[in-house]
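# Structure at a glance
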Amino acid sequence: MPHAQWVLPPSSSPRRLQLNMNKALKGIYIHIPFCESKCPYCDFYSTAPSPEAVESYVYAVLSELENLERTAEIYPDIKNADLKSDTLYIGGGTPSLIGGERLSRIVRLCRELYLTADAEITVECNPHSSSSELFEALAKAGVNRISLGMQSANDTERKLLGRRSGADAVLKAVNAAKSCGIDNISLDLMLGIPNQSAESLKRSVDFCAHAGAKHISAYILSLEEGTPFFKLRDSLKLPDEDETCEIYMEACEYAESLGYGQYEISNFALPGFESRHNLKYWSCEEYLGIGSASHSLFGSHRWFFSRSVDDFINKMPPVPDGEGDTEYEYAMLRLRLKDGLTYEGFRKHFGHELPARISEKSQSKVYRGLVEADTVRIALTRKGFLVSNAIIGDLIDCLY
Ligand code: SF4
C-alpha cells in the first residue's frame with residue numbers, strides 16, 4: 001500500500017537506545033535497492049523506482065527501524081539487544097535517487113534511536129542524481145560521509161560501464177558535497193575495464209586526489225553470469241590476468257605515493273579516513289541490516305532479507321543464514337586487511353589461541369612473497385591479495 005506522506009507507523013513499544021558500555025558499538029546498514037538503469041556488469045539486486053514503490057519502501061524501512069518487528073520474528077533477542085551504533089551506511093542500488101528528504105528521515109530516525117553523537121554516517125550517491133539540494137539536506141540531517149560511484153575518470157571507460165555522466169559531473173558532485181560541509185568523500189574506481197591501461201587508471205587515481213577524496217575503493221571488474229558483460233565476454237577487450245595484476249599493483253603503489261594507504265584488498269584511505277563501517281564487517285563486529293537484500297550479523301547469528309522490494313514492503317521476515325562470527329569466518333575476513341590476523345585479536349575475540357597449524361603453514365615456502373608472518377600477525381602481501389581466495393582457503397582450512 002503506498003503511503004502518501006511521511007508518517008511513522010504507530011508503535012506501542014518503540015526502540016530506544018540502551019547503553020552497554022562493555023560491548024563494542026554496532027553498525028547499521030540500510031539498503032536502497034533502486035537504480036535508474038542497470039549497469040552492464042552489475043549483478044547486485046536493484047530495480048527501477050516508481051514513486052509509489054519508493055514511498056512504500058521507505059515507510060517499511062522506517063517501520064522496521066522503529067519496531068524491529070520482522071527482525072524479532074527470527075531473532076527475538078534483538079528486542080533487548082544493545083544496538084548503540086557508531087556507524088550508519090546507506091547503500092544500494094542508488095540511495096541518492098530517492099532524494100534528500102527521504103534519506104534525511106531515515107538518518108534522523110537512526111540518530112534518534114541508535115546512533116552515537118560522533119557516528120560515521122555514509123550515504124552512497126551517484127553523480128548523476130546528486131545536487132546541491134541533496135547534499136544540503138543530507139548535511140542538515142547529520143550525514144558526514146559520501147561515497148560516490150565514479151568507476152573511472154576516463155569518459156570512454158565510464159560510457160562503456162553504462163555511466164550516464166562524464167567525469168566533470170563527478171567533480172561537480174564532489175564540490176557540491178564539500179560546499180555543504182561534507183568533505184569526507186570516498187570515490188569508487190574499477191580495475192580491469194576493457195581497454196584500460198595502467199596509465200589510464202593512474203589518471204583516475206590522480207583525479208581522486210585532485211578532487212580531494214579522502215578514501216578510494218578500487219574493485220577488480222569480475223564478469224558475473226547473467227549480466228550483459230558476461231554475454232559479451234568474448235568480444236570485450238578485457239585485460240588478461242597478467243595485465244590485471246600489473247594494473248592492480250601499479251594502482252596500489254600509485255595511490256600510496258599520493259598518501260592513500262592501502263588498508264584492505266580494495267580500499268585505500270588518507271590517514272584516519274578508513275571506513276569505520278566497513279572495518280566492522282572485516283572484524284566480525286555486529287551489524288544490523290534493514291531493507292531488501294540486506295544482511296545482518298548479531299549474537300553469532302546471520303540473517304538476510306529477501307532481495308525482493310515487494311517482499312520487504314509486504315513485511316516478509318528475514319531469512320536465517322546460519323552461524324556467523326565463527327573462527328573460520330573471522331580469520332578469513334581479517335586476512336583481507338593489511339593488518340591481517342593478529343594473535344592478540346584472535347585471542348581476545350575467541351578466548352583462546354590461534355591454532356599453531358595456521359602459523360606453521362604461514363611460514364611455508366609455498367607462500368613466500370605472498371604471506372608475511374611474525375610473532376604479532378599473519379598478513380597477506382599485496383601480491384598475496386591478488387590470489388587471496390586460494391591462499392586464505394588453504395591457510396585456515398583447519399578452522400573449517
Ligand atoms: S548504479 Fe550501482 S547498483 Fe545500480 S546498476 Fe549500477 S553498479 Fe549496480
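Quick notes on the rules
Residues numbered from 1 in each chain as written. Predicted model: local features only at pLDDT ≥ 70, side-chain atom pairs only at ≥ 80, totals over all residues. Helix = DSSP H or I, 4+ residues; strand = E, 2+ residues; numbered from the N terminus. Rg over C-alpha atoms; globule rule 2.2 N^0.38 Å. Contact = placed C-beta atoms within 7 Å. Domains from an automatic or database assignment. Nonpolar A, V, L, I, M, F, W, Y, C, P; charged D, E, K, R; others polar. Axes fitted to C-alpha atoms, helices over the stretch in contact; angles between N-to-C directions. Parallel < 35°, antiparallel > 145°, perpendicular 65-115°, else oblique. Pairing = 2+ DSSP bridges. Expected span 1.5 Å × (residues − 1). Buried ≥ 20, exposed ≤ 12 C-beta atoms within 10 Å, placed from the backbone. Arc of directions from axis to C-beta. Core = buried A, V, L, I, M, F, W, Y, C linked by C-beta atoms within 7 Å.

## Here we look at the overall build of the protein chain
- Along the protein chain, the regular secondary structure elements total 16 helices and 15 strands.
- In terms of overall dimensions, the protein chain is globule-like: its C-alpha atoms have a radius of gyration of 21 Å, near the 21 Å expected for 400 residues.
- For the protein chain, contacts bridging at least 24 residues in sequence account for 72% of all contacts bridging at least 6.

## Some points on the domain arrangement of the protein chain
- Under the domain assignment, the protein chain is made up of domain 1 (26-282) and domain 2 (340-400).
- Placing a centre on the C-alpha atoms of domain 1 and another on those of domain 2 gives a separation of 29 Å.
- Listed as interface residues are five residues of domain 1 and, on the opposing side, four residues of domain 2.
- Residues that form the side of domain 1 that touches domain 2 fall into these classes: five nonpolar, no polar and no charged.

## Quick word on the packing of helix α1 (residues 51-67) against helix α3 (residues 100-113)
- It is at 10 Å that the axes of α1 and α3 come closest, and there the two elements cross at 0°. The angle between the axes of α1 and α3 places the two elements in the roughly parallel class. The residues of α3 that touch α1, namely those facing V58, V61, L62, L65 and E66, are R102, R105, I106, L109, C110 and L113.

## Here we look at the pairing of strand β10 (residues 295-298)
- Bridge count for β10 against strand β11 (residues 301-304) is four bridges, and the pairing is antiparallel. Opposite H295, over in β11, you have F304 as the bridge partner.
- The hairpin turn running from β10 into β11, its antiparallel successor, is two residues long, and G299 in that turn takes a positive phi close to 50°.

## Some details on helix α7 (residues 198-211)
- Under the 1.5 Å per step criterion, the end-to-end length of α7 is 20 Å for 14 residues, consistent within 8% with the ideal 20 Å.
- Burial in α7 covers these residues: L201, S204, V205, F207 and C208. Buried residues in α7, looked at end-on, bunch into an arc of 150°, giving them a common side. For α7, the exposed residues lying more than 90 degrees away from the buried face are E199 and H210.
- Close packing links the buried residues of α7 with α6 (167-179), β5 (185-191), β6 (215-220) and α9 (241-257).

## Some thoughts on the environment of L221
- Tracing the sequence through the fold places L221 in the loop between β6 and α8 (228-231).
- With residues up to four places along the chain from it excluded, the contact list for L221 reads Y41, M190, L191, G192 and I193.

## A few points about the nonpolar core
- Counting 105 residues, the largest nonpolar core has V61, L88, I106, C110, L148, I216 and A251 as the members making the most contacts within it.
- Looking at this core, the element that brings in the most residues is α1, giving seven residues.
- Each of domain 1 (26-282) and domain 2 (340-400) contributes no fewer than three residues to this core.
- Once you skip the residues sitting within four places of it in the chain, L148 turns out to touch C125, P127, V170, A173, V174, I185, L187 and D188.

## A look at the environment of L399
- By secondary structure assignment, the location of L399 is in the segment after α16 (388-395).
- For L399, a count of 16 C-beta atoms within 10 Å gives the class partly exposed.
- Taking C-alpha positions, L399 is 6.3 Å from E327, a pair spaced 72 residues apart along the chain.
- Ignoring sequence-local partners within four residues, the contact set of L399 consists of E327, Y328, A331 and P355.

## Section: unusual backbone geometry
- Residue G93 follows G92 across a cis peptide bond; omega there is 20°.
- Inspection of the secondary structure puts G93 in the loop between β2 (85-92) and α3.
- The phi angle at Q151 is positive, at roughly 70°, despite the residue not being glycine.
- When you line up the elements, Q151 lands in strand β4 (residues 145-151).
- Accessibility expressed as a C-beta count within 10 Å gives 25 for Q151, which makes it buried.
- Residue C284 is not a glycine yet carries a positive backbone phi of 55°.
- Mapping C284 onto the fold places it in the loop between α10 (276-282) and β9 (287-290).

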